[in-house]
Amino acid sequence: MILVAVMLAFLPVVIDMTVLHVAVPTLTQSLGASSTQVLWIIDIYPLLMAGLLVPMGTLADRIGNRKVLLAGLLIFGIASVAAAFSQSAPMLIIARVLLALGGSMIVPCVLGIIRRTFENDSERGTALGLWGMVGSAGAALGPLIGGGLLEHFWWGSVFLINVPVLLLVAPACYFLLSRAEVTTQGKWAIGQALLLIAGMISLVYAIKAGAGQSQSFEIVLAIMAFGIMMLSLFVRKQLRSGNPMLDLSLFSHPAIVAGIIMALFATGALAGVELTLAQELQYVVGKTPLEAGIFMIPIMVAAAIGGPIAGLLSKMFGLRLAASLSLLVSAVALYYLGCADFHDPGFAVPTALAVVGLTLSIALTASSIAIMGSVEAEKGGAAGSLEGTGYELGTGLGITFFGVFMASVYSRAIEIPTDIALPLAQHAYRSIGDTYLVASELSVEHGADLIAAGKVAFSAAHVTLLSVAAAMIAALAIAVYFLLAGYRPTGNAAN
C-alpha cells in the first residue's frame, strides 16, 4: 500500500514533464508565445527542479520524507491551478516555477521511502521496477493525456487534471506513511542549499543562453563563472563540514556515477525525441493533438512494462549487461525512426517506437537499481535526489539542446518564398511554430507556400536530430558497460 501511494504521488510530477509536448502548437497560438517563451515554459520546470532536488532530498533525510512529501503535494496542487488559468506566457512560466518547487519535494521522498521500506535487494529491485514503470509510463502518458484534453477543452486543462489525482493521493500518503522515521542528525543548512541552487541554475541558464545565442558571449561567460564559483563554494563547504548537506562520498561509487549518467543522457534524449515527434506529427503530418498522442501509444505501453522487465533482467543477466544492451538497442531504434516516413508508418514505425519506449525504460530503471542499491537506507533521500537531478537536468537540457539544434538546422534548411516581406521572413526562419504564426498573417496562397516550405525543412531537421540522439545513446551504452564492471549490490551498506 505504501508503494502504491508513493507511486501515485510521483505520477503527476512525471506526467507534467511531457504533457506540454503535444500542447505546444495550441499553446503557442493561444498565448501568442514566442519560440523562446515556449522553450522556457517547457523546460523551466525540469531545470529548476534540477537545482532544488538535492536540497529537498537532504531536507527529507533531516526532518522526514512524510512531512516533505505532503508539503510538496500541497504546493504542486496549488501551482497546477495557477498554471491552468494563466493569462500570459510570463504568468505560465511563474506557475511552472511553483510546480518545480512542489515536484522537487516529491521526487526524492518517493525514492527515499522506497529505499527505507524495502531492505531486501530482490524486493527493492522489484519495487524500483514498478516505480520505473510509473515514471516511464507517466512520461509516455503525458502526450496522450494532453492530446485527449486538448481535443475537448482549453490548453489549461492539461494542468488542471493534476488536481483530482492529488486530492486522492495526499490523503492516502497522510494515512499510510509512518510518522516514525529514522532521520540523519544535524540541521538543514539553508546557506549551503542556496549556494547549490544558485550555482546549478546559473550554470544551466548559461548553457541554455549560450546554446540559444539569446545573450552575448560576455554575459554568458559571466553567468557561467558565477555558477561555477557558487558550486565550488558549495563543494568546499561540504568537504569541510562535519555535517554536510550532500555526502560527496556517494560519487566514489562507480555504480552511482553510472546511474546518474544514464538518467541524464537517456532522459535528455527521450525528452528531446518526444518533443520533436509531437511537433512532426502535428505540424508536418497534420495530426490533431489527440491523434499525435495516440500515435505515441506504443512508447507508452512498452515503457509501462519496461520497469518490471528491468528488475527481472538484472536478476537473470546482471545489471551491467541489461543496462548496456538496452541502451544499444534503443540507439538502433532511434536511428531507424530518424530515417522513417511518418506519413506512411506501416507496422515498422510503431514497432520502433515501442522498442525505444521499452529499452529506455529498462535503462532508466537500471539507473535506479544501481543508485539505490549502493547506499544505506538513511541516505536514500540524498541518493534519490541525485538520481532525480539527473532526470530533471537531462530533461531540461535535452529539450534545450534539441530545441536549439532543431531551430538551427531548420533555419538553414527552410527556403522562404521570395515574395514574402523581409521582416516576416526573418520571423518565419526561427522555428516551425513561428512559420505557422507568420503564415496566418498572409494570404491563403502565400501562407500555404510558406507552410509547405516549413514542413520540408522540419522533416530534414528531424532526420538529423534523431541520428544525433542515436549516436549519443550508443556512446552511453559503451560508457555504462565499463562503469558497471564492478557493481555488486549489498543489502544495507554501500558497496
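If you're wondering where the values come from, they're calculated on a predicted model, not measured in any experiment. (Residues numbered from 1 in each chain as written. Predicted model: local features only at pLDDT ≥ 70, side-chain atom pairs only at ≥ 80, totals over all residues. Heavy atoms only, no water.)

Trainee: I'd like a rundown of the overall build of the protein, residues and numbers included.
Mentor: Scanning the protein from terminus to terminus reveals 19 helices and 0 strands. Taking all 495 residues of the protein together, the buried fraction comes to 56%. Long-range contacts, defined here as pairs at least 24 residues apart, represent 82% of the contacts in the protein between residues at least 6 apart. Accessible surface, the protein as shown: approximately 19,000 Å² in total, 71% of it carbon and sulfur. (Helix = DSSP H or I, 4+ residues; strand = E, 2+ residues; numbered from the N terminus. Buried < 20%, exposed > 50% of the residue type's maximum accessible area, 1.4 Å probe, protein only. Contact = heavy atoms within 4.5 Å. Areas by Shrake-Rupley, 256 points an atom, 1.4 Å probe, with all protein chains shown as cover.)

Trainee: Quick one: what's the story with helix H5 (residues 89-117), residue by residue and with numbers?
Mentor: The terminal C-alpha atoms of H5 lie 42 Å apart, and with 29 residues this matches the ideal 42 Å at 1.5 Å per residue to within 8%. Of all 29 residues in H5, 22 are buried; the element is thus mostly enclosed. (Expected span 1.5 Å × (residues − 1).)

Trainee: Mind laying out the nonpolar core, listing which residues take part and the relevant values?
Mentor: One broad rule of soluble globular proteins: the nonpolar side chains tend to lie buried together. The biggest cluster of nonpolar side chains holds 129 residues, and the ones touching the most others in it are Leu69, Leu73, Ile114, Cys173, Leu327 and Leu484. For this core, the element with the highest residue contribution is helix H11 (residues 254-284), accounting for 15 residues. If sequence neighbours within four positions are ignored, Leu73 has contacts with Ala9, Ile106, Leu166, Val169, Ala170 and Cys173. Counting 17 residues, the second-largest nonpolar core is a separate cluster that includes Ala50, Phe234, Ile256 and Ile260. (Core = buried A, V, L, I, M, F, W, Y, C linked by side-chain atoms within 4.5 Å.)

Trainee: Go over the environment of Asp344, please, and point to the residues and values.
Mentor: The topology assignment puts Asp344 in the loop between helix H14 (319-339) and helix H15 (348-372). Of the residues examined, Asp344 reaches a relative accessible area of 59% and is grouped as exposed. Measuring from C-alpha to C-alpha, the distance between Asp344 and Val285 comes to 9.8 Å, with 59 residues separating the pair along the chain.

Trainee: Tell me about the confidence of the model for the protein, residues and numbers included.
Mentor: When the pLDDT values of the protein are averaged, the result is 77; 83% of them are 70 or greater. Between residues 491-495, whose pLDDT stays under 50, and residues either more than four places distant or in other chains, the model counts 19 contacts. (pLDDT = per-residue confidence, 0-100.)

Trainee: Describe helix H10 (residues 217-240), and please don't skip the residues or the numbers.
Mentor: Taking 1.5 Å as the rise per residue, H10 with 24 residues should run 34 Å; its terminal C-alpha atoms sit 34 Å apart, in good agreement. The complete set of buried residues in H10 reads Val220, Gly227, Met230, Leu231, Phe234 and Gln238.

Trainee: Pulling in residues and values, what's your account of the environment of Ala475?
Mentor: With respect to the helices and strands, Ala475 occurs in helix H19 (residues 444-483). A relative accessible area of 46% means that Ala475 is categorised as partly exposed. Ala475 sits 147 residues away from Leu328 along the chain, and the two C-alpha atoms are 8.5 Å apart.

Trainee: I'd like to hear about the packing of aromatic side chains, residue by residue, with values.
Mentor: This structure, assessed with the given rule, holds 5 aromatic pairs. A centroid spacing of 4.9 Å and a plane angle of 45° characterise the contact between Tyr283 and Tyr436, whose relative ring orientation is tilted. Placement of Tyr283 in helix H11 and of Tyr436 in helix H18 (residues 432-439) is noted, with a sequence separation of 153 residues between them. Here Tyr283 falls in the buried class, since its relative accessible area comes to 5%. Classification of Tyr436 by relative accessible area gives partly exposed; the value is 21%. Sitting over the face of the ring of Tyr174, Arg66 holds its NZ or CZ atom 4.7 Å from the ring centroid. (Phe/Tyr/Trp six-rings, centres within 6.5 Å; stacked < 30°, edge-to-face > 60°. Lys NZ or Arg CZ within 6 Å of the ring centre and 35° of its normal.)

Trainee: Mind laying out a nonpolar patch on the surface, listing which residues take part and the relevant values?
Mentor: Together, Leu312, Met316, Phe317, Leu321, Leu325, Leu328, Ile478, Tyr481 and Phe482 give the surface a local cluster of nonpolar side chains, amounting to about 920 Å² of exposed area. Among the elements of the structure, helix H13 (297-317), H14 and H19 are those that each provide at least two residues to the nonpolar patch. Mapped onto the elements, Ile478 comes out in helix H19. Note on Ile478: relative accessible area 53%, which makes it exposed. (Patch = residues over 30% accessible without salt bridge, like charges linked within 9 Å, V, L, I, M, F, W, Y side chains within 5 Å. Salt bridge = Lys/Arg side-chain N within 4 Å of Asp/Glu carboxyl O.)

Trainee: Before we move on, can you summarise the packing of helix H4 (residues 65-84) against H5 with the specific residues and values?
Mentor: Contact geometry for H4 and H5: axes closest at 8 Å, N-to-C directions at 155°. It follows from the interaxial angle that H4 and H5 lie roughly antiparallel. The handedness of the crossing between H4 and H5 is left-handed. Its residues placed into classes, the contact of H4 with H5 shows 20 nonpolar, 6 polar and 1 charged. (Axes fitted to C-alpha atoms, helices over the stretch in contact; angles between N-to-C directions. Parallel < 35°, antiparallel > 145°, perpendicular 65-115°, else oblique. Left-handed = near helix turned anticlockwise from the far one by under 90°. Nonpolar A, V, L, I, M, F, W, Y, C, P; charged D, E, K, R; others polar.)

Trainee: Break down the packing of H18 against H19 for me, with residues and values.
Mentor: Between H18 and H19, the least distance of the axes is 9 Å, while the angle of their chain directions is 175°. When the axis of H18 is compared with that of H19, the two are roughly antiparallel. Residue-level contacts link Ile432, Thr435, Tyr436, Val438 and Ala439 of H18 to Gly447, Leu450, Ile451, Gly454, Lys455 and Phe458 of H19. Taken together, the residues of the contact of H18 with H19 sort by class into 7 nonpolar, 3 polar and 1 charged.

Trainee: Give a detailed account of the environment of Ser367, specifying residues and quantitative values.
Mentor: Looking at the element boundaries, Ser367 is found in helix H15. A sequence separation of 104 residues divides Ser367 from Ala263, and the C-alpha atoms of the two residues are 6.4 Å apart. Setting aside chain neighbours within four positions, we find Ser367 in contact with Gly259, Met262, Ala263, Glu387 and Tyr391.

Trainee: Mind laying out the side chain of Asn162, listing which residues take part and the relevant values?
Mentor: Assignment of secondary structure puts Asn162 in helix H8 (residues 162-176). Owing to a relative accessible area of 2%, Asn162 belongs among the buried residues under this scheme. Ignoring any residue separated from it by four or fewer positions in sequence, one finds Asn162 in contact with Pro12, Asp16, Phe76 and Ser80.

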